[in-house]
Amino acid sequence: MKRNVKLLFAATLMSSTLNPATAFAETSVSDMANKNGIKTCAGQIKTVADHTIKDRAHGSYATWNKSNPDNRMYDALTVMSYSDGDTHLSITASPNTVGNCDSTYVETFVQKGSCMLARENTFGNWKFSGDLNGSTVVLKNDNGSVDLYLTPALNGSACMITKREMVYQ
């Protein structure tokens, strides 16, 4: 079964001065958060993880602040398996100033064929929103809550597709 979106995510480096803790796991993103002192954002992390990962086979690598886990940012990079390849998914959550939690997920993958074909065949109902750097097309879903970025890859023989949604509590 093919999926609508695959993912390739470029990870960023975190400064060691932030005192992060990390864990590899093949369990759910929300289980790792719960086991490591994340309380304020636990519900939000579970909601986003359940929405994006569902029951797919996956492995995750999570990072959080070891000295103050419930009051700092939590991030998990998950690799999910599909019949036509793997996708990367990053889920990030952080407490906000009013005591709730804000989060985002970013999913990126590479699809064979041009971005024009991807747009026509898979994302035809998404609305054009603009372009970045003259080559990446930005699309939005019907209600404007999800951004989609289509970037030519491998000299135009493939399309790197990134899906991003912000979730505010």
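These lines cover the structure that appears in this document, whether it is placed above or below. (Residues numbered from 1 in each chain as written. Predicted model: local features only at pLDDT ≥ 70, side-chain atom pairs only at ≥ 80, totals over all residues. Heavy atoms only, no water.)

1. Concerning the state of the cysteines
This is how the line gets drawn: Any two cysteine sulfur atoms within 2.5 Å of one another count as a disulfide. What counts as a helix is a DSSP run of H or I of at least four residues, what counts as a strand is a run of E of at least two, and both are numbered from the N terminus.
All chains considered together, the criterion is met by two disulfides. The partner cysteine of Cys 41 in its disulfide is Cys 101, sulfur to sulfur 2.1 Å. Handedness of the Cys 41-Cys 101 disulfide follows from its S-S torsion of about 110 degrees: it is right-handed. Taken as a pair, Cys 41 in the loop between helix H1 (29-35) and helix H2 (42-53) and Cys 101 in strand E5 (residues 101-112) lie far apart in primary sequence, 60 residues in all.

2. Considering the side chain of Ser 60
The condition that has to hold: The classification of residues rests on relative accessible area computed with a 1.4 Å probe and restricted to protein chains. Under 20% of the type maximum is buried, over 50% is exposed, and intermediate values are partly exposed.
Here Ser 60 lies in strand E2 (residues 58-65). Residue classification places Ser 60 among the buried positions, given a relative accessible area of 3%.

3. Observations regarding the pattern of salt bridges
Condition: By convention in these notes, a salt bridge is any Lys or Arg side-chain nitrogen within 4 Å of a carboxyl oxygen on Asp or Glu.
Applying the stated criterion across every chain, the model contains four salt bridges. Notably, a salt bridge pairs Asp 50 with Lys 46, separated by 2.6 Å at the nearest N-O pair. Here Asp 50 and its partner Lys 46 are both found in helix H2, four residues apart, which amounts to about one turn of the helix. For Lys 140, the salt bridge identified is with Asp 147, shortest N-O distance 2.4 Å. The exposure class assigned to Asp 147 is buried, which follows from its relative accessible area of 12%. Among the charged side chains, a salt-bridge network with shared partners connects Lys 140, Asp 147 and Arg 164.

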